[in-house]
Amino acid sequence: MFAKENLTLLCDFYELTMGRGYFHSGMADTIAYFDVFFRKNPDGGGYAIAAGLEQIADYIKNLSFTEDDIMYLRDTGRFDEEFLSYLRTFRFTGDIWAVTEGTVIFPGEPFITVRAPVIEAQFIETYVLMCINHQSLIATKASRMVRAADGRPISEFGSRRAHGEDAAVLGARAAYIGGVSSTACTLTDKLFGVPAGGTMAHSWVQMFPTEYEAFEAYCRLYPDKPTFLVDTYSVLESGIPNVIKAVKNILWPMGKKLCSIRIDSGDIAYLSRKARAMLDDAGLYDCGIVVSNALDEYLIGELLRQGACIDAFGVGERLITAKSDPVFGGVYKLCAIERDGAITPKIKVSENEAKITNPHFKKLYRFYSMETGKAEADLMCLHDEVVDDTVPFEIFDPDFTWKRKTMTDYTLRQLKVPIFRNGELVYRFPSLSEVRDHCKRELDTMWDEVLRFENPHKYYVDLSERLWSLKREMIANRGRTEQN
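This structure is a prediction, so every number in the text was calculated from the model and none was measured.

Student: Just to check I follow, could you spell out the side chain of Ser-238 for this structure?
Tutor: Mapped onto the fold, Ser-238 is located in helix H11 (residues 235–251). Among the residues examined, Ser-238 registers a relative accessible area of 16% and is labelled buried. There is a polar contact of 3.1 Å between the side chain of Ser-238 and the backbone oxygen of Ser-234.

Student: Looking at this structure, how should I read the packing of H11 against helix H12 (residues 268–281)?
Tutor: Two elements in contact, H11 and H12, have axes separated by 11 Å at closest approach and are oriented at 35°. For the pair H11 and H12, the crossing hand works out as right-handed. Here H11 contributes Val-235, Leu-236, Ile-240, Pro-241 and Ile-244 to the contact with H12, which in turn contributes Tyr-270, Leu-271, Lys-274, Ala-275, Met-278 and Leu-279. When its residues are assigned to classes, the contact of H11 with H12 shows 10 nonpolar, no polar and one charged.

Student: What's the story with the packing of aromatic side chains in this structure? I'm lost.
Tutor: How two aromatic rings sit relative to each other is set out by the distance from centre to centre and by the angle between their planes. By the definition in use, this model includes 27 aromatic pairs. Between Tyr-86 and Phe-90, the ring centres sit 6.1 Å apart and the planes meet at 75°, which makes this aromatic pair edge-to-face. Classification of Phe-90 as buried rests on a relative accessible area of 5%. Relative to Phe-453, the ring of Tyr-298 lies with its centre 5.9 Å away and its plane at 65°, an arrangement referred to as edge-to-face. Separated by 155 residues along the polypeptide, Tyr-298 in helix H13 (residues 297–305) and Phe-453 in the loop between helix H16 (448–451) and strand S21 (461–463) bring together distant segments of the chain.

Student: Looking at this model, I keep getting lost on the sheet that holds strand S13 (residues 342–345). Mind explaining?
Tutor: Each strand in a sheet pairs with its neighbour through backbone hydrogen bonds, running either in the same direction (parallel) or in the opposite one (antiparallel). The antiparallel open sheet is built from seven strands, whose spatial order is S13-S12-S1-S5-S3-S19-S20. A single partner strand is all that each edge strand has here, and the edge strands are S13 and strand S20 (424–425). In this structure, strand S19 (residues 417–421) lies alongside S20, joined through two bridges in antiparallel fashion. The residue of S20 that forms the bridge with Phe-420 is Leu-425. Here helix H2 (residues 53–61) sits on the sheet and contacts strand S3 (95–98), strand S5 (112–117), S19 and S20; the angle it forms with S19, its principal contact strand, is near 15°.

Student: Before we go on, may I ask you to explain the nonpolar core in this structure?
Tutor: Within soluble globular proteins, side chains that are nonpolar generally end up buried alongside one another. Ile-112, Val-114, Ile-124, Ile-261, Ile-300 and Phe-313 are the most contacted members of the largest nonpolar core, which totals 140 residues. Sorting elements by how many residues they give to this core places helix H6 (residues 125–149) first, with 12 residues. Aside from chain neighbours lying at most four places away, what touches Ile-112 is Phe-34, Asp-35, Val-36, Ile-56, Ile-96, Trp-97, Ala-98, Val-128, Ile-132 and Lys-416. If you look at the next biggest cluster of nonpolar residues, it comprises 10 residues, including Tyr-365, Val-387, Tyr-410 and Leu-412.

Student: Explain helix H3 (residues 67–76) here, please?
Tutor: Side chains that are three or four residues apart share a direction in an α-helix, a result of its 3.6 residues per turn. For H3, every residue scored as buried is listed here: Asp-69, Ile-70 and Leu-73. Down the axis of H3, the smallest arc covering the buried residues is 100°, so these residues share one side. Opposite the buried face of H3, at more than 90 degrees from it, the exposed residues are Asp-68 and Asp-75. Where H3 is buried, its residues contact helix H1 (13–24) and helix H4 (81–88). Gly-77 lies just past H3 and shows a positive phi near 75°.

Reading the values: the criteria
- Residues numbered from 1 in each chain as written.
- Predicted model: local features only at pLDDT ≥ 70, side-chain atom pairs only at ≥ 80, totals over all residues.
- Heavy atoms only, no water.
- Helix = DSSP H or I, 4+ residues; strand = E, 2+ residues; numbered from the N terminus.
- Buried < 20%, exposed > 50% of the residue type's maximum accessible area, 1.4 Å probe, protein only.
- Polar contact = N/O pair within 3.5 Å; in protein donor to acceptor, adjacent residues only side chain to side chain.
- Axes fitted to C-alpha atoms, helices over the stretch in contact; angles between N-to-C directions.
- Left-handed = near helix turned anticlockwise from the far one by under 90°.
- Contact = heavy atoms within 4.5 Å.
- Nonpolar A, V, L, I, M, F, W, Y, C, P; charged D, E, K, R; others polar.
- Phe/Tyr/Trp six-rings, centres within 6.5 Å; stacked < 30°, edge-to-face > 60°.
- Pairing = 2+ DSSP bridges.
- Core = buried A, V, L, I, M, F, W, Y, C linked by side-chain atoms within 4.5 Å.
- Arc of directions from axis to C-beta.

Following this line, the structure appears as structure tokens:
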């Protein structure tokens, strides 16, 4: 992470007021369990991709209040000296379990669980959600675009449209997890190893007396695989002819043939077809065509259906801002408390059924077919339940319980792994390229019906019989059951 001031106070103020309340109510040592989950997939899709965990871990490792923080809190007049003294030695001492970055996740399932003294667990809510909501959103959007491109590489071009420096740098990181090949953001390359690249802007072409002279100068400076921006004046009347001339006059005598053009405006399908014909007629068979200009998965797919001659895409604002659906909607909800080793489940009941939470400390399993290797369903169950994958297991839809299926010939994977134990980081974060590879393998286990853009198949996230019964009982007894 790039250097910046202490981020401990990057929190919602209510986390501090509640913390003081817990402290003076004798609950500072009460263990709380919180689940992180989301309620709907972005863009009406069939899945999402988890990202942002490494930044959460960095934040938690460095979590502490400076004297400057304490002074600020004192000056608000909202916090007494006893509580401020407690904050001076504050650190995270709890446990966190999470799915690893790049894992495919689905609505309703707890893909992060925090167990810690309630002040600590409550305090990290904002930063956890900020990281997960942003990077999971961008990784998911990137994976959709990569799928639409059908094997053609995509470069992330979005820094200048991003909502600030974090959004640019970490957005490019998340996009790489989702499958893009490179970024225009230099700092993301320096920090995370995402390949950065770029060649010229329209201003480069405009700075020279002629377009040809601009291309000629660039060939001499960067003869290895240069990319020429050809729409400064006219793609077909000047851009392509000047590229052909510069390549033949400068690159070919050097023995260099690999190059590309980039089209950033106009009717891209038409222009790319005409450009391909002109390049081939001139013998520039090794010249690729890159296109950009406010692209997303739908436009990419439509261009390819129209027979556009495109070898790679540059995608900016509609990726880095997830423009079509810019809110991921992850939430952080209490699911249990623990006193003297006894866990008491908690539930939030709402008139809006979608906002009723799943109680208790839970595990998360994924079923895979032994025959196809594809993921069939996920199962939420209580923390002490064990599923034996050597015997048949019946799953059922938690909303329509008559929909049941007996799983046979399957394997199981427990999705969440320990990240922190007793406040110590116990998980070794893989390299970003390893996370990206994991994401690709995860997507390969999903049926195409789940991955399609329009009307995707609903992937089932089921509850175990015990968890379902507990939830029904707690809803029925809500008037006599302590609620969060």
